[in-house]
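Structural description and commentary
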Amino acid sequence: MDEETKRQIAETVLEILRDADMTSTTEFKVRSLAAEKLGIDLSHPDRKLFVRGVVESFLVSQNSNDGHDDDKSDPRQEQEEVAVEQPEGDREEEEEEEEDEDEGAKKRRRGPKEYDDDGDLIICRLSSKRRVTLQDFRGKTLLSIREYYMKDGKEMPSSKGISLTVEQWEAFRDAVPAIEAAIKKLEGSD
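Residues numbered from 1 in each chain as written. Predicted model: local features only at pLDDT ≥ 70, side-chain atom pairs only at ≥ 80, totals over all residues. Heavy atoms only, no water.

**Side note on the overall build of the protein**
Heads up, the rule is: The helix and strand labels rest on DSSP assignments: H or I over at least four residues marks a helix, E over at least two residues marks a strand, and numbering proceeds from the N terminus. In what follows, a contact means two residues having at least one pair of non-hydrogen atoms within 4.5 Å. Where accessible areas are quoted, they stem from the Shrake-Rupley method and a 1.4 Å probe; at the residue level, only the protein chains shown are allowed to cover.
Of the regular secondary structure elements, the protein holds six helices and six strands. Shown N-terminal to C-terminal, the secondary structure of the protein runs as helices and strands in the order α-α-α-α-α-β-β-β-β-β-β-α. Partitioning the contacts of the protein with sequence separation of at least 6, the portion at a separation of at least 24 is 37%. Approximately 12600 Å² of the protein is accessible, and the part contributed by carbon and sulfur atoms is 50%.

**A short note on the pattern of salt bridges**
Pairing is possible between side chains of opposite charge, provided their charged atoms come close. The following threshold applies: Criterion for a salt bridge: a side-chain nitrogen of Lys or Arg within 4 Å of a carboxyl oxygen of Asp or Glu. The buried label applies to any residue whose accessible area, calculated with a 1.4 Å probe on protein chains only, is under 20% of its type's maximum; exposed applies above 50%, and partly exposed to all values in between.
Here the structure, examined in full by the defined rule, presents 12 salt bridges. Taking the shortest distance from any N to any O, the salt bridge between Lys6 and Glu3 comes out at 3.8 Å. Here Lys6 pairs with Glu3, and both are found in helix H1 (residues 3-19), just three residues apart, close to one helical turn. Since its relative accessible area comes to 43%, Glu3 is described here as partly exposed. One salt-bridge network, in which partners are shared between bridges, spans Glu27, Arg31, Arg52 and Asp136.

**Topic: the pairing of strand S6 (residues 154-165)**
As a reminder of what qualifies: A pair of strands is considered paired only if DSSP assigns at least 2 bridges between the two.
Sheet analysis places strand S5 (residues 140-151) next to S6, joined by nine bridges and oriented antiparallel. By the bridge assignment, Lys151 is partnered in S6 with Lys154.

**Considerations on the packing of H1 against helix H2 (residues 27-38)**
Quick note on the threshold: Every angle, taken between N-to-C directions, lies between 0 and 180 degrees, and every axis is a line fitted to C-alpha atoms, over only the stretch in contact when it is a helix. Any angle that is under 35 degrees is reported as roughly parallel, and any over 145 degrees as roughly antiparallel; angles of 65 to 115 degrees are reported as roughly perpendicular and all others as oblique. Helix crossings get a hand from a simple test, with the near helix turned counterclockwise from the far one by less than a right angle marking a left-handed crossing and a clockwise turn marking a right-handed one. Polar here means any residue other than Ala, Val, Leu, Ile, Met, Phe, Trp, Tyr, Cys and Pro, which are nonpolar, and Asp, Glu, Lys and Arg, which are charged; Gly is therefore polar.
Interaxial distance between H1 and H2 falls to 9 Å at its minimum, and their mutual angle equals 125°. Here H1 is positioned oblique relative to H2, judged by the angle of their axes. The crossing of H1 and H2 is right-handed. Contact residues: H1 offers Gln8, Ile9, Thr12, Val13, Glu15, Ile16 and Leu17, while H2 offers Val30, Leu33, Ala34, Lys37 and Leu38. By residue class, the composition of the contact of H1 with H2 is eight nonpolar, two polar and two charged.

**Here's the deal with a nonpolar patch on the surface**
Let me state the cut-off plainly: Candidates for patches are residues over 30% relative accessible area with no salt bridge; among them, like charges are joined within 9 Å and nonpolar side chains (Val, Leu, Ile, Met, Phe, Trp, Tyr) within 5 Å.
Taken together, Trp169, Phe172, Ile179 and Ile183 make up a surface patch of nonpolar side chains, about 340 Å² in accessible area. Counting through the fold element by element, Phe172 comes out in helix H6 (residues 166-188). Its relative accessible area of 39% is what places Phe172 among the partly exposed residues.

**Some thoughts on unusual backbone geometry**
Non-glycine residue Arg138 carries a positive phi angle of around 50°. Within the fold, Arg138 resides in the loop between strand S4 (130-137) and S5. A positive phi angle, near 55°, is found at Asp152, a position not held by glycine. Mapped onto the fold, Asp152 is located in the loop between S5 and S6.

**Focus on H1**
Just so we agree on the cut-off: For a helix, the expected span equals 1.5 Å multiplied by the number of residues minus one. N or O atoms closer than or at 3.5 Å make up a polar contact, with two conditions inside protein: a donor-capable atom paired with an acceptor-capable one, and, for residues adjacent in sequence, both atoms drawn from side chains.
For H1, with 17 residues, the first-to-last C-alpha span of 24 Å sits near the 24 Å given by 1.5 Å per residue. Here H1 has its buried residues at Thr5, Lys6, Ile9, Ala10, Thr12, Val13, Leu14, Ile16 and Leu17. Between the side-chain oxygen of the N-cap and the backbone nitrogen of Glu4 there are 3.1 Å, and the N-cap of H1 in question is Asp2.

**Some points on the packing of aromatic side chains**
Inclusion rule: Stacked, tilted and edge-to-face are the three classes applied to pairs of Phe, Tyr and Trp rings, where Trp contributes its six-membered ring and a pair requires centres within 6.5 Å; stacked means planes under 30 degrees apart, edge-to-face means over 60, and tilted covers the rest. In this analysis the charged atom, NZ for Lys or CZ for Arg, is taken to sit over a ring once it is within 6 Å of the ring centre and within 35 degrees of the ring normal.
Applying the stated criterion across every chain, the model contains one aromatic pair. Ring centres of Trp169 and Phe172 lie 6.1 Å apart, and the angle between their planes is 40°; on these two criteria the pair is classed as tilted. Residue Trp169 and its partner Phe172 are both found in helix H6; the two are separated by three residues, about one turn of the helix. Judged by its relative accessible area of 32%, Trp169 falls in the partly exposed class. Over the ring of Tyr148 we find Arg131; its NZ or CZ atom is 3.6 Å from the centre of that ring.

**So, the side chain of Thr5**
Along the polypeptide, Thr5 turns up in helix H1. A polar contact of 2.8 Å, which involves the side chain of Thr5, links it to the side chain of Asp2.

Next up, the structure:
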């Protein structure tokens, strides 16, 4: 992705975030609005990850501004000043350079959260080859439990696994006590 495209995406995402109701706005909504405004498909993993970085940087700067006791009355003005002090493109370039330096890395870390190469949130690793991830696919949130394999130095998802919608996950979660009881009953009958 060229620098001009990154700049346009960052500016558009920041504009959307500044005007958004942060209690109901999701990353998907921001990405969809930006894609619509720019006429660019932002669902590709590299673009999705770039938008996530801009959103997270915005949220971090917003949280740090909340701690200041300045006499400013307009929070948008504060955000614009933060953006001027350190442009989003510069922060993204620094992150990309760090990633390039560490080509062997199989995961991205941002604070306590871990992301895979496609920008999906890794909830937990069940084994060296299996993990649980949370992803956005065609506007739906999916919880995936899947096996991964190595190809050209990258971890790739295999067809061995399952992806659950939020509704399916909730049904499964609610069934866990019955599953645990059945496991105990089976183990007791051995």
